[in-house]
Structures are given as structure tokens and as C-alpha cells.
Amino acid sequence: MRILHMNKGDGETSYAKNSTVQSNIISLGRRVMDEALKKLMISNSEISSIGIADLGCSSGPNSLLSISNIVDTIHNLCPDLDRPLPELRVSLNDLPSNDFNYIFASLPEFYDRLNKREKDGLGFDRRGGESCFVSAVPGSFYGRLFPRRSLHFVHSSSSLHWLSQVPCGDVEKEDGVAITADLDNRGKIYISKTSPMSAHKAYALQFQTDFAMFLRSRSEELVHGGRMVLSFLGRSTPDPTTEESCYQWELLAQALMSMANEGSIEKEKIDAFNAPYYAASSEELKMVIEKEGSFSIDRLEISAVDWEGGSIGDESYELLRSKPEALASGRRVASTIRAVVESMLEPTFGESVMDELFERYAKIVGEYFYESSPRYAIFNVSLVRTG
Ligand SMILES: C[S@@+](CC[C@H](N)C(=O)[O-])C[C@H]1O[C@@H](n2cnc3c(N)ncnc32)[C@H](O)[C@@H]1O
């Protein structure tokens, strides 16, 4: 958590310029989010001030996109439900190293748009910008962020597949002293077909611990009947080594290994590096939710998207691409992944190798696209605070 941040600013390799995939994932989750907001508004017909949080907001156009969608939906629901516009207390959360200044700089535009809605004759008793108050809350969502019972709605997109830390290997007891071992995951940077079972277990356990902590923290912060809509990368099979579950990391490990073979990075560093990421299965997700006990699942959908964030409607998804198209797509995917993982790789492998690494990665991904049509599995889970 100390080193993870999306690439800052709005330069070529920034998250702001390379987050179309995540923006598509936000759009994909819109229907489930709108449904949850409608249920929330119906069951809380009296409240005049709604607490809303977007967790893992990052910086760039998507940070205010989720919030704009939430505000628009509530604004559209109010006339239908024949109720006045409530005051919206909106909190944007991310880790302290996030580029919050970028978001603050785009707030005037966000408020202008809200105020324009009033001018467009939507008939509210207040100007949009006078009923929505945005603030930022830096900190980890794997712990408390907000006062007790201060929130009604929590949203998070493309963030909860990040773990709080790289998992440790088995805890060994030597003369009664516990030793945490490194994952024995040679030549790989995430779970792979060659990873030992102990690495699979360590990743699964870290996810369970983190996600339970996430739920426990939110259960304190949400009012009874409050709702959460979470979308993040998962997997549709129990096996964590299928292409859908891990192949973006497998190909990145290939790019790193090709550089190690030429001596430009040390192989031992690849052996020691593991990504703080986990694509859970729906069974794991349900198990943690049930065990923690504060939330019930209102809806759980799993959608397939391609690596550029395009929706895949049916099982016969097959994209025939020319070689130049596949390579161009590989470059776009490599830029998207670079904007997210560069801050994690740099401390281990060094800033000087990043351009070369992601050029190789783009090529490897492009070649793979020529032969294959990979997909990510996206979870969209809508939860209600019950217990
Ligand atoms: C890929 S970005 C998604 C950003 C945005 N929600 C979107 O859809 O474009 C993931 C974000 O989650 C944040 N994140 C990861 N772990 C976090 C944690 N423990 N607490 C808060 N934010 C976290 C990262 O810093 C990053 O900004």
C-alpha cells in the first residue's frame, strides 16, 4: 500500500490517459448500481442527507465519472419518487499517494455540470452544486475510513482485486518462533501453473483476510439497510491458473524473463517479486461475505470483457484480427497495464528498464492477441447491510 499508485498527472503513461478499460467497467456496472440506488432511495424515503463514498477513486476522468453517475441517478430518481433532492455528502477515497490534486482541479467542471442541470429546467428546489458536497478521504479501504453510521451508499470499481500486501508464504514454526517465508514462485510474478500450492494458498488466504476486513470496516460505517456496489476483476472458474485468471501477469513475467535472459535485470528479483493482486472466484467471494455476516448479497453478476474493456456477449466470442490490428491492440493493453502497475515494479526493477519492459510486453501481448481472444471476468456485486 506504500508504493501502489496509478501513474500520476495527464502525461502519455498516466492513468488519466490510459483508463478506458476501467471506464468501460464502470459503464458495465451502471445497471446494477442504478438498481441499488433506487432500492436505497425507496427504503429511505425520509432522509434528507445521503452519505456516499467511492473507494479506490484514483485520478483521471474516471474519478468523477462514478460520482457523476451516482449523482445523476439520484437526481433522476427524485422527481419519479416525488421527493425533494437530498443533500449528497460525497467522499472520494484512495491511498494517500494518489494524485488527489488532479481530481480537485476537475471539480469546478463537475459542479458546473450539476448547476447546468438546474438551468435546464429539472425543477429542483436547490442548485445541483449546492446540494452535493465532495471531499477526499485518503487511507486504505482495508480499515476504517469514515465515522460510524455515516454512509448510505458505497461504490468501488476496479480496485478490490488489489490486496493490502503481497502474501507471505507458509508460516513455519522453528523452536516455537514463527517465520514467514517468501512465496516460492520462481520466474513468475503471480499465481501460475508452475506456482507451488503454498503460493495458491497464501494468495487465497490474503484475499479472505483483506476482504473480511473491508466488509467489517464498511459494516461499521454504513447505516442499517445501507448498500454497496462493488465491481472488480475475478475469475469464473475455481482454478486460479486459467488464462482468464492470470494471463496478463503470465505475459508480463515473460517480458521480465526475456530481459533477465539478456542480463538487463536480475532473475532473482523476478523470483522475489509477487503482485499484490488476486482474482477471486465467486465461491470465495460468497464464502467471505457469509462468514463475515454483516451483508447479504442482493445481486452478483459476472461479465466477460476483452482486455480492452469491450463487452463479450456470448460464449462463441472469437475475434479474428489481422497481425497489425493485434499488435496495435497489444500496445494499447500494455499502456493500460503500465499505468496501473509501473509504481509497483519500479522499486524492484528500476525506472530505467520500464520503457523497454513495456515495449516487450506490448509485443508479447500483441502476438498473443493474434492467436487468442482473452477475457477478464468482472464481478458486479450488490450488497445490503443487514446483520
Ligand atoms: C485501477 S484503479 C481504479 C480507479 C477507478 N475506480 C476507476 O474505475 O478507474 C485502482 C485504485 O484502487 C486504489 N487502491 C488499491 N488498494 C487500495 C486500498 N487498500 N485503499 C484505497 N485505495 C486502494 C489504487 O490506488 C487505485 O487508484
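Throughout, a residue's number is its position along its own chain's written sequence, starting from 1. Residues qualify for local features only when their pLDDT is at least 70, as the model is predicted, and side-chain atom pairs are given and counted only at 80 or more; totals for whole chains, interfaces and linings, by contrast, use all residues. Excluding hydrogens and water, the side-chain values take into account all heavy atoms of the structure.

Under an unreviewed UniProt entry, the name given to the chain is Jasmonate O-methyltransferase, and the source organism is Arabis nemorensis.

Asks: For the site of the ligand, give the residues involved together with the corresponding values.
Replies: Here a residue is considered near a molecule or strand provided that any single heavy atom belonging to it is located within 4 Å of it. Surrounding the ligand, one finds 21 residues, the nearest of these being Y15, G56, N62, D94 and S157. We define a polar contact as two N or O atoms separated by no more than 3.5 Å, with the added condition that, inside protein, one atom must be a possible hydrogen donor and the other a possible acceptor, whereas residues neighbouring each other in sequence contribute only through side-chain atom pairs. Contacts to the ligand include N62, whose side-chain N or O atom sits 2.8 Å from an oxygen atom. Those elements giving two or more residues to the shell around the ligand turn out to be α1 (20-28) and β2 (87-94). By residue class, the composition of the shell around the ligand is 10 nonpolar, 10 polar and 1 charged. Elements are defined by DSSP. Helices are runs of H or I of four residues or more, strands are runs of E of two residues or more, and each kind is numbered from the N terminus. Classification used: nonpolar for Ala, Val, Leu, Ile, Met, Phe, Trp, Tyr, Cys and Pro, charged for Asp, Glu, Lys and Arg, polar for all others including Gly.

Asks: Pulling in residues and values, what's your account of the environment of R338?
Replies: Inspection of the secondary structure assignment puts R338 in helix α9 (residues 323-349). Accessibility expressed as a relative area gives 12% for R338, which makes it buried. Considering only alpha carbons, one finds R338 and Y361, 23 residues apart in sequence, at a separation of 9.5 Å. The contact criterion used is simple: two residues touch if any of their non-hydrogen atoms lie within 4.5 Å. In this structure R338 touches N7, T13, M354, D355 and F358, once residues within four positions along its chain are discounted. Burial classes follow relative accessibility: with a 1.4 Å probe on protein chains only, a residue under 20% of its type's maximum area counts as buried, one over 50% as exposed, and anything between as partly exposed.

Asks: Summarise the packing of aromatic side chains; cite the residues concerned and give the values.
Replies: Any pair of Phe, Tyr and Trp rings, taking the six-membered ring for Trp, is counted once the centres come within 6.5 Å. Such a pair is stacked with planes under 30 degrees apart, edge-to-face with planes over 60 apart, and tilted for the rest. A complete count under the given rule lists 22 aromatic pairs for this structure. Relative to W249, the ring of W162 has its centre 6.2 Å away and its plane inclined at 90°; by these criteria the two rings are edge-to-face. Here the residue W162 occupies a position in the loop between β4 (151-157) and β5 (171-174), and W249 occupies one in helix α6 (residues 243-261), the gap between them amounting to 87 residues. Accessibility expressed as a relative area gives 5% for W249, which makes it buried. Plain terms: the ring middles of F232 and F379 are 5.8 Å apart, the flat faces sit at 85° to each other, and that makes the pair edge-to-face. Linking F232 in strand β7 (residues 222-235) with F379 in strand β10 (residues 375-385), this pair joins segments that are 147 residues apart in sequence. Under the relative-accessibility criterion, F232 is labelled buried at 1%. The class for F379 is buried, based on a relative accessible area of 0%. Comment: the charge-over-ring label is applied if NZ (Lys) or CZ (Arg) is within 6 Å of the ring centre and within 35 degrees of the ring normal. A cation over a ring is seen here: R218 above F214, with NZ or CZ 5.0 Å from the ring centre.

Asks: Which residues make up the packing of α9 against helix α10 (residues 354-371), and what values go with them?
Replies: Contact geometry for α9 and α10: axes closest at 7 Å, N-to-C directions at 140°. Regarding the angle of α9 to α10, the classification is oblique. Between α9 and α10 lies a crossing of right-handed hand. Classifying every residue of the contact of α9 with α10 by side-chain character gives 16 nonpolar, 3 polar and 8 charged. For every element, the axis is a line fit to its C-alpha atoms; helices are fit only across the contacting stretch, and the angle between N-to-C directions ranges from 0 to 180 degrees. Angle categories: roughly parallel below 35 degrees, roughly antiparallel above 145, roughly perpendicular from 65 to 115, and oblique for all the rest. Crossings are sorted by hand: turned counterclockwise from the far helix by less than a right angle, the near helix makes the crossing left-handed, and turned clockwise it makes it right-handed.

Asks: Tell me about the pattern of salt bridges, and please be specific about residues and values.
Replies: The working definition used for a salt bridge is a side-chain nitrogen of Lys or Arg within 4 Å of a carboxyl oxygen of Asp or Glu. In this structure the tally under the stated criterion is 22 salt bridges. Two residues, R299 and E35, come together in a salt bridge whose shortest N-O distance is 2.8 Å. Residue R299 is found in strand β9 (residues 295-306), and its partner E35 is found in helix α2 (residues 30-43); the two are separated by 264 residues along the sequence. Assessed through its relative accessible area of 28%, R299 is described here as partly exposed. In this structure, a network of salt bridges that share partners links the residues R144, R148, R218, E220 and E221.

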